[in-house]
Amino acid sequence: LVSDRPDSLPATIRSRCTPIYFRIPEIHIARSWLEQLARQGASEGEALGDIENIDDLLAFAGGAPLAAVALHQTGEREQHSRVLRQLCDVLSGKTEPLGAAKQWHDESPELIVRLVQRLFSDIVRCRSNEAIEPAFYTAQKQWLHQQGKRLNLHKLFLLWQQILKTAHLMSGTSDKLLILESLAIDLAKAGKEN
């Protein structure tokens, strides 16, 4: 039995299993493996040989090397980057929240919630200490630190709680468009209020 959310399994099943956890490897091990894979891909003329910045790709994938390879090979990294820009535009007031929510719903609601969680995780990290590196979006470090300074800390943590509730709601049967509209409005409000 393989599960990425073992806590959601019924207790009767969990009680009959011996858990074996597979954790994300340390960053230097993952980087070394990806570099070797990229060198091998370059010598064989494969698409993996053209990875430009392995550290950014690894951070973008949450440190998971196989996820980094999948993001690179499928081109999903560009989709993630575009959606991240939309999230940042809603937060900074450049994009109307309900229109953005409609696009997110049509594209990939679960991806949006995952990216919002990562985005705000990085903003909270950057807000707590100027010397800290973002966990996911290292290429946007300066922007994340600016947002961290700009946003009110109390409201930032309230929004973080709302994002966690949104993630929980997305796994249920609620209307995903309404959930995303509420999230987009909360992001726009957080961006306006200091």
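Located above this text is the structure these notes cover.
Not measured: the values here are computed from a predicted model.

Visitor: Sorry, what's going on with the nonpolar core here?
Guide: General note: in soluble globular proteins, nonpolar side chains tend to be found buried as a group. Within the largest apolar cluster, 44 residues are counted, with the highest numbers of intra-cluster contacts made by W104, L119, F120 and L187. Mapped onto this core, the elements with two or more residues apiece are α2 (27-43), α3 (54-60), α4 (65-74), α5 (76-91), α6 (97-107), α7 (109-128), α9 (153-170) and α10 (176-192). With ten residues, the single largest contributor to this core is α7. Leave out the neighbours within four places in its chain, and W104 touches Q86, L87, V90, P109, I112, L180, A184 and L187.

Visitor: So what exactly am I meant to see when it comes to the packing of α7 against α10 here?
Guide: The axes of two packed helices give the description: the angle between them and the distance between them. Interhelical geometry of α7 versus α10 gives an angle of 25° and a closest axis separation of 11 Å. As the angle between them shows, α7 and α10 are arranged roughly parallel. You can see that α7 and α10 cross each other, and the crossing is left-handed. Contact residues: P109, E110, I112, V113, V116 and F120 in α7; K176, L180, L183 and L187 in α10. For the contact of α7 with α10, a count of residues per class yields eight nonpolar, no polar and two charged.

Visitor: What exactly am I supposed to notice about the packing of aromatic side chains here?
Guide: Geometrically, a pair of aromatic rings is defined through the distance of the ring centres and the angle of the planes. Evaluation of the coordinates by the stated rule reveals one aromatic pair. Between F136 and Y137, the ring centres sit 6.4 Å apart and the planes meet at 50°, which makes this aromatic pair tilted. For the residue pair F136 and Y137, the accessibility class agrees, reading buried in each case.

Visitor: Mind showing me how you'd approach α6 here?
Guide: Counting along an α-helix, one turn takes 3.6 residues, and residues three or four places apart therefore face a common direction. Regarding α6, the residues found buried are P97, A100, A101 and W104. One side of α6 holds all its buried residues, which, seen down the axis, span an arc of 100°. In this fold, the buried residues of α6 make contact with α5, α7 and α10. The N-capping residue of α6, defined by a side-chain oxygen 3.1 Å from the backbone nitrogen of L98, is E96.

Here is what the cut-offs are and how they apply
Residues numbered from 1 in each chain as written. Predicted model: local features only at pLDDT ≥ 70, side-chain atom pairs only at ≥ 80, totals over all residues. Heavy atoms only, no water. Core = buried A, V, L, I, M, F, W, Y, C linked by side-chain atoms within 4.5 Å. Buried < 20%, exposed > 50% of the residue type's maximum accessible area, 1.4 Å probe, protein only. Helix = DSSP H or I, 4+ residues; strand = E, 2+ residues; numbered from the N terminus. Contact = heavy atoms within 4.5 Å. Axes fitted to C-alpha atoms, helices over the stretch in contact; angles between N-to-C directions. Parallel < 35°, antiparallel > 145°, perpendicular 65-115°, else oblique. Left-handed = near helix turned anticlockwise from the far one by under 90°. Nonpolar A, V, L, I, M, F, W, Y, C, P; charged D, E, K, R; others polar. Phe/Tyr/Trp six-rings, centres within 6.5 Å; stacked < 30°, edge-to-face > 60°. Arc of directions from axis to C-beta. Polar contact = N/O pair within 3.5 Å; in protein donor to acceptor, adjacent residues only side chain to side chain.

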